[in-house]
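# Fold and geometry: a report
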Amino acid sequence: MDIRVGDVVKLKKQHPCGSYLWEVLRIGMDFRLKCEECGHQIMIPRKQVEKNLRQLIRKEEEGKDS
């Protein structure tokens, strides 16, 4: 799965604040995710993110020449 830093992921279960959207801050064996609603940060295993992923929202490539 091609998830990059800066992407936003929508997970199956919502955060207690009500948001389903998380920004990816760090990738590796574990992901560091930041809740888009309240800013809470969590570390979660890659396997769990890939299992619970509903939607991947790509960040726009800045400075991209077409």
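This text goes with the structure placed above it.
Now for a description of the structure that goes with this document. (Residues numbered from 1 in each chain as written. Predicted model: local features only at pLDDT ≥ 70, side-chain atom pairs only at ≥ 80, totals over all residues. Heavy atoms only, no water.)

### Regarding the environment of Ile57
- Here Ile57 lies in strand S5 (residues 53-57).
- Here the alpha-carbon distance between Ile57 and Trp22, two residues 35 residues apart in the chain, equals 9.9 Å.
- Ignoring anything within four residues of it in the chain, the contact list for Ile57 reads Asp7, Val8 and Leu21. (Helix = DSSP H or I, 4+ residues; strand = E, 2+ residues; numbered from the N terminus. Contact = heavy atoms within 4.5 Å.)

### Describing the side chain of Ser19
- When you line up the elements, Ser19 lands in the loop between strand S1 (8-11) and strand S2 (21-26).
- You can call Ser19 buried: its relative accessible area is 9%.
- One polar contact links the side chain of Ser19 to the main-chain amide nitrogen of Leu21, over a distance of 3.1 Å.
- Ignoring sequence-local partners within four residues, the contact set of Ser19 consists of Gln14, Cys35, Glu36 and Glu37. (Buried < 20%, exposed > 50% of the residue type's maximum accessible area, 1.4 Å probe, protein only. Polar contact = N/O pair within 3.5 Å; in protein donor to acceptor, adjacent residues only side chain to side chain.)

### Here we look at the pairing of S2
- Across 3 bridges, S1 lies against S2 in antiparallel orientation. Opposite Val9, over in S2, you have Trp22 as the bridge partner.
- In this structure, S2 lies alongside strand S3 (residues 30-35), joined through 4 bridges in antiparallel fashion. Bridge pairing in S3 places Val24 opposite Leu33. (Pairing = 2+ DSSP bridges.)

### With respect to the pairing of strand S4 (residues 41-45)
- As defined by bridge partners, S3 adjoins S4 across 5 bridges and the pair is classed as antiparallel. Within S4, the position partnered with Leu33 by the bridge is Ile42.
- Between the antiparallel neighbours S3 and S4 lie 5 residues, among them Gly39 with a positive phi of about 85 degrees.

### Examining the environment of Gln55
- Residue placement: Gln55 occurs in strand S5.
- Ignoring anything within four residues of it in the chain, the contact list for Gln55 reads Val8, Val9 and Lys10.

### Quick look at the sheet that holds S2
- The sheet built from 5 strands is open, its strands ordered S4-S3-S2-S1-S5 with antiparallel pairing. The open sheet is flanked by S4 and S5, the only strands paired with a single partner. Geometrically, the sheet is characterised by an average inter-axis angle of 35 degrees between neighbouring strands, direction not taken into account.
- Note that S1 and S5 share 4 bridges and pair antiparallel. Note on S5: the bridge partner recorded for Val8 is Ile57. (Axes fitted to C-alpha atoms, helices over the stretch in contact; angles between N-to-C directions.)

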